[in-house]
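# Descriptive structure summary
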Amino acid sequence: MELAIVGAGAAGAAAAYALRETDHEVTVFEKSHGVCGRAATRRKHGCTYDHGANYIKADSDRVTELVTETLPIEGLVTVEEPVWTFDHAGQISESDRQEARKWSYEAGITQLAKRLFAETDAKVAFETRVDGLSRDGDGWRLRDIDDGALGRFDAVLLTPPAPQTADLLAATDWDDPLAEELTAAVDAVPFRTIYSVLLHYPFELDVPWYGLVNTDRDHEVGWLSRESCKPGHVPEGELLVAQMSPAWSRRRYDDPSEAVKADAASLVADLLEDDRLADPDWTDRQGWRYALPDEAPPADPLRAAEEHDLYLAGDWVEGDGRVHLAVESGLDTGGRIAADGR
Ligand SMILES: Cc1cc2nc3c(=O)[nH]c(=O)nc-3n(C[C@H](O)[C@H](O)[C@H](O)COP(=O)(O)OP(=O)(O)OC[C@H]3O[C@@H](n4cnc5c(N)ncnc54)[C@H](O)[C@@H]3O)c2cc1C
């Protein structure tokens, strides 16, 4: 059985992992040069930082067992400090919410997908963007953006964010009434945009929290956290991750990055009432046009597609932007592919 997985994020990695003891030959096509998708890590000036998903949460027993018992635990770090809240007026409050455990890795959150793939024989083709599919008998052919053939497979699993999966489906040559219904269902999944800004300072902040979350969703800053709470990430000083609100992020998405970073630093300085924070010694940024899904698609067309050897997985299939849900989705879908014998 030859299976193509499009996307080497948490869902794609978990699906490959679920198939590790089957005779499926798995080829993963990934448009970027690394694994783990929106759970992303970068290195700069001696720091390691998670500039997409900031942590993996222990909200699922299966993923908790996978992360803390089944996969290697070397370098797994638990964030000990709490998450506090703030409102639209910037009023910061200590939170008494019972928080699930949160993890990353000393080498960054991308270790999750790296460790999942390391347990498999899957081949990962990097810098390979799948641009369309076509039905070929009872299999699928994939092509890249230059119309180059990527091969024929018995089954395909698509894991990009819903808007990108919808684009792929729209570019699919498949003469079946389900094609249109499936594309429309996936295309209707709403996604939030988030602009992440990284702000480094030569001094440490004297605060008790790891993160601050804007609970009324009416502040320009949506989330602010300290990478220094993750052992091994920040050797000196403070590195703040500011995830800007979806409205602000959409408005500023195409503005010059220096202006966006400067404005984000000012907003952070205002929020923490600390003028020094308007003047970081270095910065970085990443725009996530498709950051977080807000709803799940109807299950019926997705399940019906599986009858045609076409599978879909990802956080958006579960209806919420969480790493552990992407892993769950990948594990479940990989399990169904194994059970279907496709
Ligand atoms: C700013 C931000 C903050 C977040 N914070 C948290 C958090 O703190 N905790 C948490 O649990 N979750 C958080 N999330 C959500 C979390 O990152 C996602 O839920 C999870 O990583 C989704 O995994 P996935 O495999 O479903 O999708 P993705 O990670 O998006 O993986 C899809 C992969 O497909 C690839 N791809 C796309 N199109 C193609 C194509 N045509 N051809 C080939 N490859 C393609 C992409 O490059 C990507 O690698 C956050 C996300 C963002 C962006």
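No experiment lies behind these values; they were computed from the predicted model shown.

Each pocket or cavity is described by its volume, and for the second largest pocket that value is around 180 Å³. Elements supplying a minimum of two residues to the lining of the second largest pocket: helix 8 (299–306), helix 9 (315–318) and helix 10 (323–340).

Okay, the domain arrangement of the protein chain next. Looking at the protein chain, the domain boundaries give domain 1 (2–39 + 113–188 + 295–340) and domain 2 (41–109 + 191–293). In this structure, domain 1 and domain 2 have C-alpha centres spaced 29 Å apart. If you look at the interface, domain 1 gives 25 residues, while domain 2 gives 24 residues. Between domain 1 and domain 2, a total of about 2,100 Å² is buried, with carbon and sulfur atoms accounting for 64% of that surface. Considering only the surface of domain 1 that becomes buried against domain 2, Arg 38, Arg 115 and His 324 emerge as the three largest contributors, covering 34% of it. Counting across the domain 1 and domain 2 interface gives two salt bridges. The salt bridge involving Asp 332 is made with Arg 62; its shortest N-O contact spans 2.7 Å.

Now for the site of the ligand. If you check the shell around the ligand, you find 35 residues, and the closest are Ala 11, Glu 30, Arg 38, Asp 315 and Val 323. The contact in question runs from a nitrogen atom of the ligand to an N or O atom on the backbone of Tyr 55, over 3.0 Å. The separation between a nitrogen atom of the ligand and a polar side-chain atom of Arg 322 is 3.0 Å. Across the complex, the protein chains shield 95% of the 1,000 Å² of accessible surface that the ligand would expose by itself. Of all elements in the fold, only helix 1 (10–18), strand 15 (191–201), strand 19 (282–293) and helix 10 reach the threshold of two or more residues within the shell around the ligand. Element by element, the count of residues in the shell around the ligand is highest for strand 19, at three residues.

With that settled, consider the nonpolar core. Across soluble globular proteins, nonpolar side chains show a tendency to be buried alongside one another. Residues Leu 112, Phe 117 and Val 327 are the most contacted members of the largest nonpolar core, which totals 39 residues. Residue contributions to this core peak at seven residues, all from helix 1. Counting contributing residues, this core receives three or more from each of domain 1 (2–39 + 113–188 + 295–340) and domain 2 (41–109 + 191–293). Beyond its immediate stretch of four places on either side in the chain, Leu 112 contacts Cys 36, Ile 56, Val 67, Leu 71, Tyr 105, Val 323 and Val 327. In this structure, Leu 158, Leu 169, Leu 182 and Trp 316 belong to the second largest nonpolar core, which totals 27 residues.

Another aspect to go through is the environment of Lys 114. As for its placement among the helices and strands, Lys 114 is situated in helix 3 (residues 111–118). Overall, the relative accessible area of 39% leaves Lys 114 in the partly exposed class. Separated by 104 residues in the primary sequence, Lys 114 and Ala 10 place their C-alpha atoms 9.4 Å from one another.

Rules behind the numbers
- Residues numbered from 1 in each chain as written.
- Predicted model: local features only at pLDDT ≥ 70, side-chain atom pairs only at ≥ 80, totals over all residues.
- Heavy atoms only, no water.
- 1 Å grid on protein atoms, 1.4 Å probe; cavity = no way out; pocket = protein on both sides within 12 Å on 5 of 7 lines; lining within 4 Å.
- Points joined across faces, edges and corners; volume = space filled by probe spheres on them.
- Helix = DSSP H or I, 4+ residues; strand = E, 2+ residues; numbered from the N terminus.
- Domains from an automatic or database assignment.
- Contact = heavy atoms within 4.5 Å.
- Buried area = accessible area lost by both parts, 1.4 Å probe.
- Salt bridge = Lys/Arg side-chain N within 4 Å of Asp/Glu carboxyl O.
- Near = heavy atom within 4 Å.
- Polar contact = N/O pair within 3.5 Å; in protein donor to acceptor, adjacent residues only side chain to side chain.
- Areas by Shrake-Rupley, 256 points an atom, 1.4 Å probe, with all protein chains shown as cover.
- Core = buried A, V, L, I, M, F, W, Y, C linked by side-chain atoms within 4.5 Å.
- Buried < 20%, exposed > 50% of the residue type's maximum accessible area, 1.4 Å probe, protein only.

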